[in-house]
Amino acid sequence: MKHTLMPWERGVVFRHGKLVEVLDPGRHRRSFRHQVRYLDVRPRSQTPGWQDIPTSDGVLIRVTLVLVWAISDPAQHVQAAATPEVELHLATQIALRTAVLTRAHDEVDPARQAIAAEILAAVAPRAADLGIDLREVAVRDVVMPTELRKAALAELLARSEARASLERARGETAALRTLLNAARLAEDHPALLQLRALQSANTVVVERNR
């Protein structure tokens, strides 16, 4: 029998139930007694289902991950588990739960990169046992309960209003300081008031003559 493997494929060959070899890309001829299992070794992205996890302060949050991995050892991948992808998913979910349980709810989102690094370090050995090269882990979504999201929005609005009030108060203070300085200057130099009045009168005359 002829077997043609594409550049992104590997063929795991069994004969009478025993592993014989791993075929590289190209054309191969094997007898009908050989069974060939084709595997795609290109990198792939996987998004395991979301998981509701309690934080260290008892808040239940929803977290989703993105994994990037590829088959690194085709023979190991075929023999290590009946469903290697399911095993990888289970290992990452356990590692995610462990990482979140050690943090308060308001610490999870800012610590996305740290959590991803912890999961990668924890799961990579198990992935290698499955013939998988786990290349990247990313925390995609961190969803808080509705009540906390509303509270966070209210806090954000309150902060914005406080900043706006502070800017208004600063403007009013600056205006009052300017008036106070002008009053002091007029008090110390009365002639300035006469000069100002004369300047205003000249301005009016000029405007009328136009």
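Residues numbered from 1 in each chain as written. Predicted model: local features only at pLDDT ≥ 70, side-chain atom pairs only at ≥ 80, totals over all residues. Heavy atoms only, no water.

### Some remarks on the overall build of the protein chain
Looking only at helices and strands, the protein chain features 6 helices and 9 strands. Counting over 210 residues, the protein chain shows a buried share of 29%. Sequence separation of 24 or more characterises 65% of the internal contacts of the protein chain that already satisfy a separation of 6 or more. Carbon and sulfur atoms make up 56% of the accessible area of the protein chain, which totals about 13,900 Å². (Helix = DSSP H or I, 4+ residues; strand = E, 2+ residues; numbered from the N terminus. Buried < 20%, exposed > 50% of the residue type's maximum accessible area, 1.4 Å probe, protein only. Contact = heavy atoms within 4.5 Å. Areas by Shrake-Rupley, 256 points an atom, 1.4 Å probe, with all protein chains shown as cover.)

### So, the pairing of strand β1 (residues 2–5)
Only one face of β1 is buried: it carries His3 and Leu5, and the other face, with Lys2 and Thr4, is open. As judged from the 4 bridges shared by β1 and strand β4 (residues 26–29), these two strands associate in the antiparallel manner. In the sheet register, histidine 3 faces β4, and the bridge partner there is histidine 28. (Pairing = 2+ DSSP bridges.)

### So, the nonpolar core
Counting residues in each nonpolar core, the largest one holds 34 residues, and the members touching the most others are Ile61, Leu88, Leu96, Ile115 and Ile119. Counting residues per element, the ones that place at least two in this core are β2 (9–15), β8 (60–71), α2 (84–101), α4 (112–129) and β9 (132–143). (Core = buried A, V, L, I, M, F, W, Y, C linked by side-chain atoms within 4.5 Å.)

### Details of unusual backbone geometry
A positive phi is found at histidine 16, a non-glycine position, where the angle reads about 55 degrees. Its location among the elements puts histidine 16 in the loop between β2 and β3 (18–23).

### So, the pattern of salt bridges
Taken as a whole, this structure holds 10 salt bridges when the rule is applied. For the salt bridge of glutamate 87 with arginine 126, the shortest nitrogen-to-oxygen distance reads 3.3 Å. Pair noted here: glutamate 87 is in helix α2 and arginine 126 is in helix α4, with a separation of 39 residues, a long-range link. On the accessibility criterion, glutamate 87 (27% relative accessible area) is partly exposed. (Salt bridge = Lys/Arg side-chain N within 4 Å of Asp/Glu carboxyl O.)

### Focus on the confidence of the model for the protein chain
For the protein chain, the average pLDDT comes to 82, and 72% of its residues sit at 70 or higher. Confidence, read as mean pLDDT per element, is least for helix α6 (residues 191–209) in the protein chain (53) and greatest for α4 (96). (pLDDT = per-residue confidence, 0-100.)

### A few points about the side chain of glutamine 46
As for its position among the elements, glutamine 46 is in strand β6 (residues 44–46). Side-chain polar atoms of glutamine 46 contact the side chain of tryptophan 69, separated by 2.9 Å. With residues near it in sequence (within four places) discarded, glutamine 46 still touches Leu65, Val66, Leu67, Trp69, Glu85, Leu88 and His89. (Polar contact = N/O pair within 3.5 Å; in protein donor to acceptor, adjacent residues only side chain to side chain.)

### Quick word on the side chain of histidine 77
If you trace the backbone, histidine 77 turns up in helix α1 (residues 74–80). Once residues within four sequence positions are removed from consideration, histidine 77 is found in contact with Leu39, Trp69, Ile71, Pro84, Leu130, Gly131 and Ile132.

### Topic: α4
An ideal rise of 1.5 Å per residue puts 26 Å on 18 residues; α4 measures up with 26 Å between its terminal C-alpha atoms. Structurally, α4 contributes buried residues whose contacts are with β8, α2, α3 (105–108) and β9. Of the residues one or two after α4, glycine 131 is the one with positive phi, at around 75 degrees. (Expected span 1.5 Å × (residues − 1).)

### Observations regarding the pairing of β2
Regular strands place side chains that alternate from one sheet face to the opposite one. For β2, the buried fraction is high: 5 of the 7 residues fall into the buried class. Sheet topology places β2 next to strand β5 (residues 34–40); 7 bridges connect them, and they run antiparallel. Within the sheet, the bridge partner assigned to valine 13 lies in β5 and is valine 36. When β2 meets β3, the two strands line up antiparallel, connected through 5 bridges. Counted as the bridge partner of valine 12 is valine 22 from β3. As consecutive antiparallel partners, β2 and β3 are separated by 2 residues, and within that stretch histidine 16 has a phi angle of approximately 55 degrees, a positive value.

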